[in-house]
Amino acid sequence: MKKAIPILIIAAGLIILLYPKISAYYTGVKQLEVMRQWQYESAELNDADKEESADKDKNIEGILIIEKINLQLPIFYGFTSENMRYGAAMFAGSAKPGQSGNCAIAAHRNHAYGVMFNRLDEVQKGDIIKVKTTSREYTYKVFDKLYVKPDDTSVLSAGGNVK
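Fair warning: this is a prediction, and the values are worked out from it, not measured in the lab. (Residues numbered from 1 in each chain as written. Predicted model: local features only at pLDDT ≥ 70, side-chain atom pairs only at ≥ 80, totals over all residues. Heavy atoms only, no water.)

What follows concerns the nonpolar core. Grouped together as the largest cluster of nonpolar side chains are 15 residues, with contacts concentrated most on Leu64, Ile66, Leu71, Leu73, Ala107 and Phe117. Taken together, the elements giving at least two residues each to this core come down to strand 1 (60-66), strand 2 (71-77), strand 3 (88-90) and strand 5 (128-132). Excluding anything up to four places from it in sequence, Leu71 contacts Leu64, Ile65, Ile66, Met116 and Phe117. Core analysis: the second largest hydrophobic core is formed by eight residues, Val34, Trp38, Ile65 and Phe76 among them. (Core = buried A, V, L, I, M, F, W, Y, C linked by side-chain atoms within 4.5 Å. Buried < 20%, exposed > 50% of the residue type's maximum accessible area, 1.4 Å probe, protein only. Helix = DSSP H or I, 4+ residues; strand = E, 2+ residues; numbered from the N terminus. Contact = heavy atoms within 4.5 Å.)

If you want it as structure tokens, here you go:
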């Protein structure tokens, strides 16, 4: 019994040390699985179906790509804890990619859910951000960088003719 207690303490310590790595690995695997499934299903659609599918209310809106920081994330529709756990989430009331207005996309910046937006601060004016949907790929150029508090929703309401 005396030998079991130190072994249990060492095992518990190893689990605590390895948990962040295992969690990040699992999240990465889940993200890749979701993106591959979406790409597979998107490839099977013909052009008419792609246009129709792009307008439907579905869970996955597309893939967010920021090459400068080596980021590819699935974009889920709606801010839910499940969506935010495995990728970026699009605010349900915001404009969709290609539409006029602000397209609000959020993701975690901590290590609990992988890297996601951890390196977002490296993105500068002039950098390119892409959003790939079933119907096309949208390319955006960063023209400004703002830091807002979590309760500041003013950035969600832009003029209707702003793209």
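Topologically, Asn118 is positioned in the loop between strand 4 (105-106) and strand 5. Residue classification places Asn118 among the buried residues on the basis of a relative accessible area of 17%. On a C-alpha basis, the gap between Asn118 and Ala107 in space is 9.2 Å, while along the polypeptide they are 11 residues apart.

A complete count under the given rule lists six salt bridges for this structure. With a closest N to O distance of 2.9 Å, Glu122 and Arg119 form a salt bridge. With relative accessibility at 33%, the residue Glu122 sits in the partly exposed group. (Salt bridge = Lys/Arg side-chain N within 4 Å of Asp/Glu carboxyl O.)

Turning our attention to the packing of aromatic side chains. If you walk through the whole model with that rule in mind, you get two aromatic pairs. Between Tyr26 and Tyr86, the ring centres sit 6.2 Å apart and the planes meet at 70 degrees, which makes this aromatic pair edge-to-face. Taken together, the residues Tyr26 in helix 1 (residues 4-44) and Tyr86 in helix 3 (residues 81-86) connect sequence positions 60 residues apart. Overall, the relative accessible area of 7% leaves Tyr86 in the buried class. Measuring from ring centre to ring centre gives 5.8 Å for Phe79 and Phe91, while their planes differ by 40 degrees; the resulting arrangement is tilted. One end of the pair, Phe79, is in the loop between strand 2 and helix 3; the other, Phe91, is in the loop between strand 3 and strand 4, and 12 residues separate them in sequence. For Phe91, a relative accessible area of 32% gives the class partly exposed. (Phe/Tyr/Trp six-rings, centres within 6.5 Å; stacked < 30°, edge-to-face > 60°.)

In space, the six strands of this open sheet follow the order 4-3-2-1-5-6, with mixed pairing throughout. Since the sheet does not close on itself, it has two edges, and those belong to strand 4 and strand 6 (137-141), each with one partner. As paired strands, strand 5 and strand 6 are joined by five bridges and run antiparallel to one another. By the bridge assignment, Lys132 is partnered in strand 6 with Glu137. (Pairing = 2+ DSSP bridges.)

A contiguous nonpolar surface patch, about 490 Å² in accessible area, is contributed by Phe79, Phe91, Leu146, Val148, Val155 and Leu156. Look at Leu146 and you get exposed, because its relative accessible area is 60%. (Patch = residues over 30% accessible without salt bridge, like charges linked within 9 Å, V, L, I, M, F, W, Y side chains within 5 Å. Areas by Shrake-Rupley, 256 points an atom, 1.4 Å probe, with all protein chains shown as cover.)

Glancing now at the environment of Phe76. Within the element layout of this structure, Phe76 appears in strand 2. Taking the C-alpha atoms as reference points, Phe76 and Phe91, separated by 15 residues in sequence, lie 9.2 Å from one another. Residues contacting Phe76, with those up to four places away along its chain left out, are Val34, Asn59, Ile60, Asn83, Tyr86, Gly87, Ala88, Ala89 and Met90.

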